[in-house]
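A look at the structure
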Amino acid sequence: MPISGCPMADRLSQNPHFQVTDLEAWYGESHVLHRVSFDIREGEVVTLLGRNGAGKSTTLKSIMGMIKRRQGSVRLREKELGRASSRAIARAGIAFCPEDRGIYSSLTVEENLMLPPVVASGGMSVAEIHTLFPNLAERRRSQGTRLSGGEQQMLAIGRILRTGARLLLLDEPTEGLAPVIVQQIGATIRQLKERGYTVLLVEQNFHFAASVADRHYVMDHGQVVDMIPGPEIADNMAKLSTYLGV
Amino acid sequence: MLIFGIPLQLLSTQILLGLINGAFYAILSLGLAIIFGLLNIVNFAHGAFYMMGAFGALLMLDHFAMNYWLALLVVPLTIGLLGCVIERLILRRIYDLDHLYGMILTFGMGLVIVGLFRNQYGATGLPYSMPAALQGGYNLGFMFLPASRAFVILASVAVCLVTWLVIEKTRLGSWLRAATEKPELTEAFGINVPLLITLTYGFGVALAGFAGVLAAPIYSVNPMMGSDLIIVVFAVVVIGGMGSISGAILTGFMLGLVEGVTKVFWPQASTTVIFVIMAIVLLIRPAGLFGKQA
Ligand SMILES: Nc1ncnc2c1ncn2[C@@H]1O[C@H](COP(=O)(O)OP(=O)(O)OP(=O)(O)O)[C@@H](O)[C@H]1O
Ligand SMILES: [Mg+2]
C-alpha cells in the first residue's frame, strides 16, 4: 500500500498493525459481508466510507465479535481474533463506539464513563477525559441519556479512552450533530492520532472524513471496493460521489 | 380505643401480620425482579427455592444441630450455589429461545423439586422450634410485638436495602444494570456478562432461600409452602412492574399492608384483594406501578 505523500509516513510502522482478511457476516440467512479485507498501520486514522446499508457498521460489529455468524480473519498485531468472543476482543485492546452511541439510561454519566474495564495500561485518566470534554465533568451525576446528542457522543468516545485500548472503532461519531460539535469531535480525533491511537472511523460525511483520516476504504454492497489515500481524495471526488451516491 | 369502629389492638395486629407477609413478598419479588431483569426469565421455580430454604433450616437443625442464625447464612449460600449450577447447566441452554421456554423450564424445575420433597417428607407441615432469642416479645402498650415477627421485618428490610444499595450504588451494580440494559455492548466492553448472569440467578434464588429460612420458625414447613405463596408474589411483581428493583421492594411491603388492613375491614376479600389490584393496575398502567411505560 503506498504511503508516500502521507505526512505521518515516517512515524507509521510498515507492518500492518491491524488486518482484516476475507471477513464474511450474516444476519440470519442474509449474507451481508463478502470477503471484506483491509489493513491499518499503527497510529493511522482510516475511514470506511460507503452509502447506507453498505455494511460499514456490520464490519465494525463483526470485528468486535458482536455478529454471531461470521467468518474470516481479524488480526491485531500477531493475535488472531476472528473466532474470539467479543469480551476477549475487548480485552485484546480493541474498543468500540457504536452508531447509536450506546449510552446506558440506567447509569449516570459517571457510571457510563467508568463502565468499560481497563484492559491495558496507558489509558487516559478521568481528569484527562474531563479536560477533553468538560461537559462530562459538569454533568457527571445526570442520567446518561439525559445528555444532549453531542454530549452523549463525547461520553461514548470518552469512556473507551479510559480503557487503554489502542485501536478505536468509531461508528459515525458525527451523525446528526451540530457543526460546532462535529468540529470538536474532529479536533478530538486529531488529538487521539497525535497520542498514537489507531482509529477506524465509519463516516458518511466525507468532508469530515477527509479532514481527519490518512486513508479511506470505500465499501459497497458488503465489499471493500476501493482504497483512496488521504492526499488523493480531491482527485477522486467524482469516483467517490458515484460510490457514495451523492 | 376504636379507629373506624375497629379496636386499635385488632387493627395494629393485622397491620403487623400484613407487614410480615409484605416482608416475604418483598424479598421474593426482589429476587424475581433481579432475575427477570438480566435473564429475561420469569423464574417459576422461585417458590421451590423458598421452600428449600425452610427445609434447609429444618434439616440443618435436625442433622447437624445447626442453629437458626448460622442457617440464615449457610442455607441461602448453598441454595445460591445450587442456583449457579442450575443456570450453568440448564438455563444457559435456552437463552436463544422464546421467553416462554424459560417459564416452562423453570415451572417444570419447580414441580420436580416440590415433588421430590413431597416424596421424602410428605405433605404435612413440620415444626421448626423457635430459637430462644426470638421467643417472647415487646409490649408496645397498644399491642404485643412478638420478637420473632419483629425480626422477620427487620431482616427483610435490611436485606432489601443492602441489595438495593449494591445494585444502585456500587461498581458491581453498575455492571449488572449495564448488562441488563445492553448485554451485547456490555460484553463488547470486556465485561463478563455470562458470569454476571450466573451470579445473578444464584443471588436471586439465594434471596428466596433466605426468605425460606426466615419463614421456618413462623410458618409450618411443608413442600407446598412455596407454591401457595409464589402466586401472590407473581401478582406483586406484576403490580410493581417487572424488573424494577425498588418497585419490587416497595410493592411487596405495600401489598402486605393492604392485605392486612383488608382483613380487618372485609376479611372475605383479604385473599383476593391483591389480584383485584393487579387487574386494575394492568388496565391502567400495564407496565406496573414502577415499571417503565412503553
Ligand atoms: N440487525 C439486522 N438484521 C438484518 N439485517 C441487517 C441488520 N442490520 C443491518 N442489516 C442489513 O445489513 C446490511 C448492512 O447494514 P449496515 O448497518 O452494516 O450498513 P451501514 O453501512 O452501516 O449503513 P448506514 O450508513 O445506514 O449505517 C444492510 O443491508 C442492512 O439492511
Ligand atoms: Mg451503520
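The following refers to the structure shown. Residue positions are given per chain, counting from 1 as you read along its sequence in written order. Labels follow written order: the first chain is A, the first ligand is 1, and so on. Two thresholds apply to this predicted model, a pLDDT of at least 70 for residue-level local features and 80 or more for giving and counting side-chain atom pairs, whereas whole-chain, interface and lining totals are computed over all residues. Side-chain numbers come from the whole structure's heavy atoms, not from hydrogens or water.

Here we take up the overall build of chain B. A tally of helices and strands in chain B yields 11 helices and four strands. Only protein chains enter the calculation, and the probe is 1.4 Å; a residue is then buried if its accessible area is under 20% of its type maximum, exposed if over 50%, and partly exposed in between. Looking at the 294 residues of chain B, the share that counts as buried comes to 52%. Sequence separation of at least 24 residues holds for 78% of the intrachain contacts in chain B that already meet a minimum separation of 6. Accessible areas in this description were obtained via Shrake-Rupley with a 1.4 Å probe; residue shielding takes into account the shown protein chains only. Here chain B displays about 13,400 Å² of accessible surface, and carbon together with sulfur accounts for 72% of that area. A run of H or I in DSSP becomes a helix once it reaches four residues, and a run of E becomes a strand once it reaches two; helices and strands are each numbered from the N terminus. Residue contacts are counted whenever heavy atoms from the two residues lie within 4.5 Å of one another.

Residue and element names in this part refer to chain A. Note on placement: Q223 falls in strand β10 (residues 223–229). The partly exposed category is assigned to Q223, whose relative accessible area is 38%. A C-alpha to C-alpha distance of 16 Å links Q223 and L200, two positions 23 residues apart in sequence. Once residues lying within four places of it in the same chain are set aside, the contact partners of Q223 are H34, V36, A54 and V218.

The subject of this paragraph is the pattern of salt bridges. All names here are of chain A. Each salt bridge in this description consists of a side-chain nitrogen of Lys or Arg and a carboxyl oxygen of Asp or Glu lying within 4 Å of one another. On inspection of all chains with the given rule, the structure shows 15 salt bridges over all chains. Taking the shortest distance from any N to any O, the salt bridge between K239 and D226 comes out at 2.9 Å. Taken as a pair, K239 in helix α9 (residues 237–244) and D226 in strand β10 lie far apart in primary sequence, 13 residues in all. Since its relative accessible area comes to 16%, D226 is described here as buried. Through salt bridges with shared partners, a single ionic network connects D39, R41, E44 and R215.

All names here are of chain A. Each metal's donors are the N, O and S atoms within 2.8 Å of it, or within 3.2 Å when it is Na, K or Ca, and because water is not part of the set, sites may look incomplete. Every protein donor of the magnesium ion (ligand 2) is accounted for by S57 (OG) and E99 (OE), and the metal-donor separations fall at 1.9 to 2.4 Å. Of this pair, S57 sits in helix α1 (residues 56–63) while E99 sits in the loop between β6 (94–97) and α3 (109–114), and the two are 42 residues apart along the sequence. Residue classification places E99 among the partly exposed positions, given a relative accessible area of 31%.

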